[in-house]
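A look at the structure
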Amino acid sequence: MLDISRIRAITIDLDDTLWPIWPTIARAEKVLIEWLLAVAPGASALLASPDTARMLRAQVAAQNTHRAHDLTVLRRETIRAALRQAGEDEALTDQGFDVFFAERQRVELYEDALATLEFLSSRHPVVALSNGNANLQLIGIDRYFRGSISAKDFGIAKPDPRIFHEAARVLAVDPAAVLHVGDDATLDAHGALGAGMQAVWLNRGEAAWPHEHPPHATVPDLGALCRLLG
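The text that follows walks through the structure, step by step, so that each part is easy to find. (Residues numbered from 1 in each chain as written. Predicted model: local features only at pLDDT ≥ 70, side-chain atom pairs only at ≥ 80, totals over all residues. Heavy atoms only, no water.)

What follows is about the overall build of the chain. Helix and strand content of the chain: 11 helices and 6 strands. On C-alpha atoms alone, the chain measures out to a radius of gyration of 19 Å, which is about the 17 Å that the 2.2 N^0.38 rule sets for 230 residues. Counting only C-alpha atoms and orienting by the principal axes, one finds that the chain spans roughly 60 × 35 × 30 Å. For the chain, with 230 residues in total, the buried portion stands at 47%. Considering only contacts within the chain whose residues lie at least 6 apart along the sequence, 60% involve residues at least 24 apart. Total accessible area on the chain stands at roughly 11000 Å², and carbon and sulfur atoms take up 53% of it. Counting 22 positive and 30 negative side-chain charges, the chain places the averaged centre of each group 3 Å from the other. (Helix = DSSP H or I, 4+ residues; strand = E, 2+ residues; numbered from the N terminus. Rg over C-alpha atoms; globule rule 2.2 N^0.38 Å. Buried < 20%, exposed > 50% of the residue type's maximum accessible area, 1.4 Å probe, protein only. Contact = heavy atoms within 4.5 Å. Areas by Shrake-Rupley, 256 points an atom, 1.4 Å probe, with all protein chains shown as cover. Lys, Arg positive; Asp, Glu negative; His and termini not counted. Charge placed at Lys NZ, Arg CZ, Asp CG, Glu CD.)

Given below as structure tokens:
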């Protein structure tokens, strides 16, 4: 059971916790493909084909297993691979990534996200803990956070306990005093449990818990999280 009295700080996931990520990624990919159409039509066509784009991503991932935690590198190198395969100017890689990245930050928050961030940050210091590459300042929600730790910058991804422990270090509390909130049963809730934190699993889809030891609490939405902690 969740012990609210132990909580001194909160870590929270971003993608699919505060906003749905796949509509955002799909829109950013569309914007990238449209931009490439004017400057590198061959690469645009390759990335517009779901099968070809999937193949390019798989090739890049296989060639960069040591950077699997860094979604920025993988995305940038996929753009480079498309340009290379199309025989077009690879110098367009960084511009293309910037186009994608700017659109990737235009997220549509869940309707209960801002009220939840206001609620949480008024009670405890909050740190974002993400395997993705969202930028809190560009999104416009950085005022709610004490800090942000990404797998890209830290070099290690969830569910490794070391990234959770880094968050506790930034928050200047023991892991046992941290509550982690996230939507992914394995990366978030199970990872937090393994790091010695309390965990609330945000389970919007009524999925079955896939591990032996359950989280301290499960909620269907962020509003329920606030009521739980209220």
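Next comes the rest of the description.
This next bit is on the layout of surface pockets. Considered as a void within the structure, the largest pocket measures approximately 730 Å³ in volume. Taken together, 28 residues line the largest pocket, and the ones lying closest to its centre are Asp15, Trp22, Leu71, Asn131 and Gly132. Breaking the lining of the largest pocket down by element, the ones donating at least two residues are helix H1 (21-39), helix H3 (50-63), helix H4 (71-85), helix H5 (93-104) and helix H10 (185-194). Here the lining of the largest pocket is built from residues that sort into 11 nonpolar, 6 polar and 11 charged. As for the second largest pocket, its lining consists of 15 residues, and the residues nearest its centre are Asn133, Ala134, Asn135, Ser150 and Asp153. Among the secondary structure elements, those contributing two or more residues to the lining of the second largest pocket are helix H7 (136-139), strand S3 (147-150) and helix H8 (151-154). Within the lining of the second largest pocket, the residues separate by chemical class into 4 nonpolar, 8 polar and 3 charged. (1 Å grid on protein atoms, 1.4 Å probe; cavity = no way out; pocket = protein on both sides within 12 Å on 5 of 7 lines; lining within 4 Å. Points joined across faces, edges and corners; volume = space filled by probe spheres on them. Nonpolar A, V, L, I, M, F, W, Y, C, P; charged D, E, K, R; others polar.)

The subject of this paragraph is helix H9 (residues 161-171). Of the residues making up H9, those classed as buried are Ile163, Phe164, Glu166, Ala167, Ala168 and Leu171. At its buried positions, H9 is contacted by strand S1 (9-12), strand S2 (126-130), S3, H8, strand S4 (178-182) and H10. Its side-chain oxygen 2.8 Å from the backbone nitrogen of Arg162, Asp160 forms the N-cap of H9. (Polar contact = N/O pair within 3.5 Å; in protein donor to acceptor, adjacent residues only side chain to side chain.)

Residue placement: Glu103 occurs in helix H5. Ignoring sequence-local partners within four residues, the contact set of Glu103 consists of Thr24, Arg27, Ala28 and Val31.

With that settled, consider the packing of aromatic side chains. Scanning the entire structure with this criterion turns up 3 aromatic pairs. Between Phe97 and Phe101 the ring centres are 5.5 Å apart and the planes differ by 25°, which places this aromatic pair in the stacked class. Taken as a pair, Phe97 and Phe101 lie in helix H5 at a separation of 4 residues, close to a single helical turn. Looking at Phe97, the relative accessible area reads 4%, which means it is buried. Three or more aromatic residues joined by ring pairs form one cluster here, namely Phe97, Phe100 and Phe101. Over the face of the ring belonging to Phe97 we find Arg76, whose NZ or CZ atom lies 4.5 Å from the ring centre. Across the ring face of Tyr110, the terminal group of Arg204 is positioned such that the distance to the ring centre comes to 3.6 Å. (Phe/Tyr/Trp six-rings, centres within 6.5 Å; stacked < 30°, edge-to-face > 60°. Lys NZ or Arg CZ within 6 Å of the ring centre and 35° of its normal.)

Looking now at the sheet that holds S4. What the 6 strands build is an open sheet, ordered S3-S2-S1-S4-S5-S6; its pairing is parallel. Looking at which strands have only one partner, the edges of the open sheet turn out to be S3 and strand S6 (217-219). On average, each strand axis in the sheet is inclined to that of its neighbour by 20°, with strand direction left out of account. Two elements, strand S5 (residues 198-202) and S6, share 3 bridges in a ladder whose sense is parallel. Its bridge partner lying in S6, Leu202 is registered against Val219. Across the sheet, H9 lies against S1, S2, S3 and S4, angled at about 160° from S2, the strand it touches most. (Pairing = 2+ DSSP bridges. Axes fitted to C-alpha atoms, helices over the stretch in contact; angles between N-to-C directions.)

Position of Gly191 relative to the elements: it lies in helix H10. As a C-alpha pair, Gly191 and Ala115 span 76 residues in sequence and 26 Å in three-dimensional space. Beyond its immediate stretch of four places on either side in the chain, Gly191 contacts Pro159, Phe164 and Thr186.

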